[in-house]
Amino acid sequence: MIGGYFGALGIGFGLLDNLKIEILVEFGDGSSATFELTGIDANNNLTFKFKGGEDSLGNAISANLEGMAGDFKFSSGIFESYSGVASRYGSFVYGGQGEPLLIPGGTITIYDCFVDSSTKDITCYQRNTP
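Residues numbered from 1 in each chain as written. Predicted model: local features only at pLDDT ≥ 70, side-chain atom pairs only at ≥ 80, totals over all residues. Heavy atoms only, no water.

## Notes on the pairing of strand 8 (residues 122–126)
The side chains of a regular strand alternate between both faces of the sheet.
Part 1: For strand 6 (residues 93–95) and strand 8, the ladder comprises three bridges, and the chain directions are parallel. When the bridges of strand 8 are listed, Tyr94 appears paired with Thr123.
Part 2: Relative to strand 8, strand 7 (residues 109–115) is paired through five bridges, and the arrangement is antiparallel. Within the sheet, the bridge partner assigned to Tyr111 lies in strand 8 and is Gln126.
Part 3: Two successive antiparallel strands, strand 7 and strand 8, enclose a turn made up of six residues, where Lys120 displays a positive phi of approximately 70 degrees. (Pairing = 2+ DSSP bridges. Helix = DSSP H or I, 4+ residues; strand = E, 2+ residues; numbered from the N terminus.)

## Remarks on the nonpolar core
Part 1: Among the nonpolar cores identified, the biggest contains 16 residues, and Phe74, Tyr82, Val93, Cys113, Ile122 and Cys124 are the most heavily contacted of them.
Part 2: Of all the elements in the fold, those that place two or more residues in this core are strand 5 (70–74), helix 2 (76–88), strand 7 and strand 8.
Part 3: Sequence-distant contacts of Phe74, that is, excluding residues within four places in its chain, are made with Leu57, Phe79, Tyr82, Ile103, Thr107, Ile108, Thr109, Tyr111, Cys113 and Cys124. (Core = buried A, V, L, I, M, F, W, Y, C linked by side-chain atoms within 4.5 Å. Buried < 20%, exposed > 50% of the residue type's maximum accessible area, 1.4 Å probe, protein only. Contact = heavy atoms within 4.5 Å.)

## Structural notes on the sheet that holds strand 3 (residues 46–54)
Part 1: If you walk across this open sheet you meet the four strands as 1-2-3-4, and the pairing is antiparallel. The two strands at the open ends of the sheet, each matched to only one other strand, are strand 1 (22–26) and strand 4 (60–61).
Part 2: When strand 3 meets strand 4, the two strands line up antiparallel, connected through two bridges. Bridging across to strand 4, Glu54 finds its partner in Ala60.

## Considerations on unusual backbone geometry
Part 1: You will see that Asn44, though not glycine, has its phi angle at about 65 degrees, which is positive.
Part 2: Within the secondary structure, Asn44 sits in the loop between strand 2 (32–40) and strand 3.

## Re the pattern of salt bridges
Part 1: The final tally for this structure, using the stated rule, is four salt bridges.
Part 2: Linking Lys51 and Glu36 is a salt bridge whose minimum nitrogen-to-oxygen distance equals 3.3 Å. Taken together, the positions of Lys51 in strand 3 and Glu36 in strand 2 put the pair 15 residues apart, joining distant regions of the chain.
Part 3: The class for Glu36 is buried, based on a relative accessible area of 18%.
Part 4: A salt bridge links Asp71 to Arg127, with the shortest nitrogen-to-oxygen separation between them at 2.3 Å. Highlighted residues: Asp71 in strand 5 and Arg127 in the segment after strand 8, separated in sequence by 56 residues.
Part 5: Residues joined in a network through salt bridges with shared partners are Asp71, Asp112 and Arg127. (Salt bridge = Lys/Arg side-chain N within 4 Å of Asp/Glu carboxyl O.)

What follows is the structure, given as structure tokens:
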């Protein structure tokens, strides 16, 4: 119903052409995601595009592969999510020696991750912290 109302307004009067609506969704674990309203589908449902977010450890969640480079705090659960996002880009996450990266349960470790622009693979090196 809401989609039909916005559709009638936006399409009928051209009101949505230059309008940018972003929605912030906050989750109970402290993570969040931002979505942009992109339009209305044939069934009058609102459509959205993921713009970015932040996980429960404060890591930025990017809407593109290039944003997966940088410093990240990984627990085993956060790493599983990170690796899942990488796989949606056709990428695989390796440790510093080229082996699959595994994060022991119950630990939080900081890694520096780099994206290889030619292979799309990601290599993460454990940061030496005092």
